[in-house]
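Spelled out from the first residue to the last, the chains are:
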Amino acid sequence: MRKLVVNNFVTLDGVTQGPGDPDEDREGGFSQGGWVVPHFDEQLGAHIVEFVQQAGALLMGRKTYDIFAASWPDMPADDPIAEVYNRVPKYVASRSPLTLTWANTHQLSADVAGDVAKLKAEDGGEIQVSGSSDLIQTLIKHDLVDEFHLFVFPSIAGSGKRLFGDGTI
């Protein structure tokens, strides 16, 4: 049985939206993107590599897939995160058909919770979720998350998508 682990960046006020780039996710008028950049350093990078190296598969929503597929396949092969991300199976939850350009990527069916439960029942390393705030809400609702690894940054976004959205139990 596999463990499903959410690795996510979060502000002190619980926002996960748009950590890496000002234009990463402007949904809902979000204008605070890129809040993680001033805090990223070599020590944090090494810590993230430790987590990523436990991955046996990646699970992501369509927006995160689009961002990751546009960059990770082009990273140097000796990058420790790219090595894992480009090697492991990737599963994408999306309500619309996708053109899957990243090697070893599969689209989940409309029954995301059922598909994820089946993936968890298989043998293998951790199924890791990064970003994908909408997908995480579905995973939480169906009690599919086994662990949260949260990287909390000394930033306040004020508004935006929250890891633990309204009504989260």
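Small disclaimer: the values here were computed from a predicted structure and weren't measured. (Residues numbered from 1 in each chain as written. Predicted model: local features only at pLDDT ≥ 70, side-chain atom pairs only at ≥ 80, totals over all residues. Heavy atoms only, no water.)

Novice: Residue-level account of the overall build of the protein, with values.
Specialist: Of the regular secondary structure elements, the protein holds five helices and six strands. Starting at the N terminus, the α and β elements of the protein follow one another as β-α-β-α-α-β-β-α-β-α-β. At 15 Å, the protein has a C-alpha radius of gyration in line with the 15 Å of a compact globule built from 169 residues. Each of the three principal axes of the protein carries a C-alpha extent, and together these read 40 × 40 × 30 Å. (Helix = DSSP H or I, 4+ residues; strand = E, 2+ residues; numbered from the N terminus. Rg over C-alpha atoms; globule rule 2.2 N^0.38 Å.)

Novice: Residue-level account of the nonpolar core, with values.
Specialist: Generally speaking, soluble globular proteins have nonpolar side chains that are buried together. One finds Leu58, Met60, Trp72, Ile81, Tyr85 and Trp102 to be the most contacted residues of the largest nonpolar core, which totals 27 residues. When residues of this core are traced back to their parent elements, those giving at least two are helix H1 (42–52), strand E2 (55–61), helix H2 (62–69), helix H3 (80–87) and strand E6 (147–153). At five residues, H1 tops the list of elements feeding residues into this core. Val6, Ala57, Ala93 and Leu119 belong to the second-largest nonpolar core, a separate cluster that totals 20 residues. (Core = buried A, V, L, I, M, F, W, Y, C linked by side-chain atoms within 4.5 Å. Buried < 20%, exposed > 50% of the residue type's maximum accessible area, 1.4 Å probe, protein only.)

Novice: Requested: an account of the sheet that holds strand E3 (residues 90–93), with residues and values cited.
Specialist: Strands sit in the order E4-E3-E2-E5-E1-E6 across an open sheet of six strands; the sheet is parallel. Across the chains shown, the open sheet's two edge strands, defined by having one partner strand only, are strand E4 (105–107) and E6. Strand-to-strand twist of the sheet, defined as the mean angle between neighbouring strand axes without regard to direction, takes the value 25 degrees. The pairing of E2 with strand E5 (residues 126–130) spans four bridges and is classified as parallel. If you follow Leu59 over to E5, its bridge partner there is Val129. (Pairing = 2+ DSSP bridges. Axes fitted to C-alpha atoms, helices over the stretch in contact; angles between N-to-C directions.)

Novice: Describe the side chain of Ser132, and please don't skip the residues or the numbers.
Specialist: Along the polypeptide, Ser132 turns up in the loop between E5 and helix H5 (133–141). Judged by relative accessible area, Ser132 falls into the buried class, the value being 7%. Within the local environment of Ser132, its side chain forms a polar contact with the backbone oxygen of Ser130, the two atoms lying 3.2 Å apart. (Polar contact = N/O pair within 3.5 Å; in protein donor to acceptor, adjacent residues only side chain to side chain.)

Novice: For unusual backbone geometry, give the residues involved together with the corresponding values.
Specialist: The backbone phi angle of Asn104 is positive, close to 65 degrees, even though this residue is not glycine. Its identity is not glycine, yet Asp143 carries a phi of approximately 55 degrees, on the positive side. Relative to the helices and strands, Asp143 resides in the loop between H5 and E6.

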